[in-house]
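# Observations on the model geometry
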Amino acid sequence: MQIYIDGQYFDEADAKVSVFDHGLLYGDGVFEGIRVYSGRIFKLDEHLERLYDSAKAILLKVPLSFDELKAATIEACRRNKLKDGYIRMLVTRGKGSLGLSPDSCPRATVIIIAAEIELYPREYYTKGLRVATAPTRRTAPAALSPSVKSLNYLNNVMGKIEGKLCGAQEVIMLNEQGYVAEGSGDNVFVLKKGTLFTPPIFAGALGGITRRVAMDLAAGMGIPVSEVTLMRYDLFVADEVFLTGTGAEIIPAVEIDGRPIGDGTPGPITRRMMEAYAKLTRGEGTPIF
Ligand code: PXG
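Residues numbered from 1 in each chain as written. Predicted model: local features only at pLDDT ≥ 70, side-chain atom pairs only at ≥ 80, totals over all residues. Heavy atoms only, no water.

### Notes on the overall build of the chain
As a reminder of what qualifies: Helix and strand assignments follow DSSP, with helices taken as H or I runs no shorter than four residues and strands as E runs no shorter than two, numbered in order from the N terminus. Radius of gyration: over C-alpha atoms. The globule rule applied is 2.2 Å multiplied by the number of residues raised to the 0.38 power. Partly exposed describes any residue whose relative accessible area lies between the buried limit of under 20% and the exposed limit of over 50%, with all areas from a 1.4 Å probe on protein chains only and scaled to the type maximum. In what follows, a contact means two residues having at least one pair of non-hydrogen atoms within 4.5 Å. Residue burial considers only the protein chains on display, and all accessible areas are found by Shrake-Rupley using a 1.4 Å probe. We treat Lys and Arg as the positive residues and Asp and Glu as the negative residues; His and chain ends play no part in the count. For this purpose, a charge sits on NZ of Lys, CZ of Arg, CG of Asp or CD of Glu.
Helix and strand content of the chain: eight helices and 16 strands. Over its C-alpha trace the chain gives a radius of gyration of 19 Å, about what one expects of a compact globule, namely 19 Å for 289 residues. In the chain, which comprises 289 residues, the proportion classed as buried is 51%. Considering only residue pairs separated by 6 or more positions, the chain has 71% of its internal contacts joining residues 24 or more positions apart. When the accessible surface of the chain is totalled, it reaches about 13500 Å², and 55% of it is carbon and sulfur. The chain carries 34 positive and 35 negative side-chain charges, and their two centres are separated by 2 Å.

Pasting the structure below:
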């Protein structure tokens, strides 16, 4: 595997950053996770736009123009002959001194890893996930906006660990008010009486690209979608629940905090959405070759 760091390519064993990089010292930086399907990069522009927005929000200057970063991303995939895989792109604050001020970091570090993807087990999709709500609340938007896809994922990691401690395969995190925010690395949708509901971004969710795609697919199927604040109760009494994310794609949840969702199996709308998403990912994207 050839990994891009600041304009150069390195073998995996030589792809290293400084221990003085503020991405490591403080989680100071931003990232994106992007999928490659059949030699095409899915929603590349959308991911790059979100990366630049995340960087702007934390006053981090990406040392490449949009077009330069886009070209570098495509080249990283080409060099690795990536047909189906996963791109992890990071922009860290760069190397500085031990103090937390970014003033000591003259230049951001850009890393592009274009790798094979470890998919979730097939049965997660056919049988659905057991999900638990996490005791740890999602980071408050007033503390650090969940719209910023930052390198500081400790809050999400805590959620993930707590879900596992409950015997669940994924976790749903609530915000400080107790309303549903999102999964540890995915957005949440609830189907009730034929309408899809998903929490608004201000409830503490990332503006997921898969979330947007799911909303558009639903609209195309004539399924109404509404952004409303949701409570745990809404998950308990839902007809169907699914999660959306670049890694997970669209994945059914069939149990929440010990209660079966609907009849405890992936529902028909969720399955239709999964099929439509699979069709879309294989039919569009920025060509690598
Ligand atoms: N919420 C959070 C906190 C995320 O990190 C999503 C929602 C879904 O967003 P997208 O744009 O992907 O639909 C994410 C995305 C990983 C990984 O390696 C995590 C994400 C994406 C890709 C890989 O765990 N999170």
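### Things to note about the environment of Arg93
To keep it simple, the criterion reads: Here a polar contact means two N or O atoms within 3.5 Å. Within protein one must be a hydrogen donor candidate and the other an acceptor candidate, and residues neighboring in sequence count only if both atoms are side-chain atoms.
Mapped onto the secondary structure, Arg93 falls in the loop between β5 (85-92) and β6 (109-115). Non-local contacts of Arg93, meaning those with residues more than four positions away in its chain, are made with Asp21, His22, Gly23, Asp28, Gly29, Ile58, Leu59, Leu60, Pro102, Cys105, Arg107 and Ala108. Looking at Arg93, its side chain comes within polar contact range of the side chain of Asp28, at 2.8 Å. A polar contact of 2.9 Å, which involves the side chain of Arg93, links it to the backbone oxygen of Ile58.

### Digging into the site of the ligand
Our working rule: Put simply, a residue is near a molecule or strand once any heavy atom of it comes within 4 Å of that molecule or strand. The method works on a 1 Å grid over the protein atoms by themselves. A cavity is a set of points holding a 1.4 Å probe that cannot get out, a pocket is an open set with protein on both sides within 12 Å along at least five of seven lines, and residues with an atom within 4 Å of a point line them. Here the criterion for a molecule occupying a pocket or cavity is that more than half of its atoms lie within 2 Å of the pocket grid points. Any residue outside Ala, Val, Leu, Ile, Met, Phe, Trp, Tyr, Cys, Pro, Asp, Glu, Lys and Arg is labelled polar, Gly included; the first ten of those are nonpolar and the last four are charged. Boundaries between domains were set according to an automatic or database domain assignment.
Around the ligand lies a shell of 19 residues, among which Tyr86, Tyr153, Glu182, Thr210 and Thr246 are the nearest. One of the backbone N or O atoms of Gly185 is found 3.4 Å from a nitrogen atom in the ligand. Between the ligand and the protein, one listed contact pairs an oxygen atom with a backbone N or O atom of Ile209 at 2.7 Å. Because more than half of its atoms lie within 2 Å of the grid, the ligand is assigned to the largest pocket. Every element with two or more residues in the shell around the ligand is listed here: β5, α6 (209-220) and β13 (240-245). Looking at the shell around the ligand residue by residue, the class counts come to four nonpolar, 10 polar and five charged. Split by domain, the residues of the shell around the ligand number at least three in each of domain 1 (2-115) and domain 2 (123-281).

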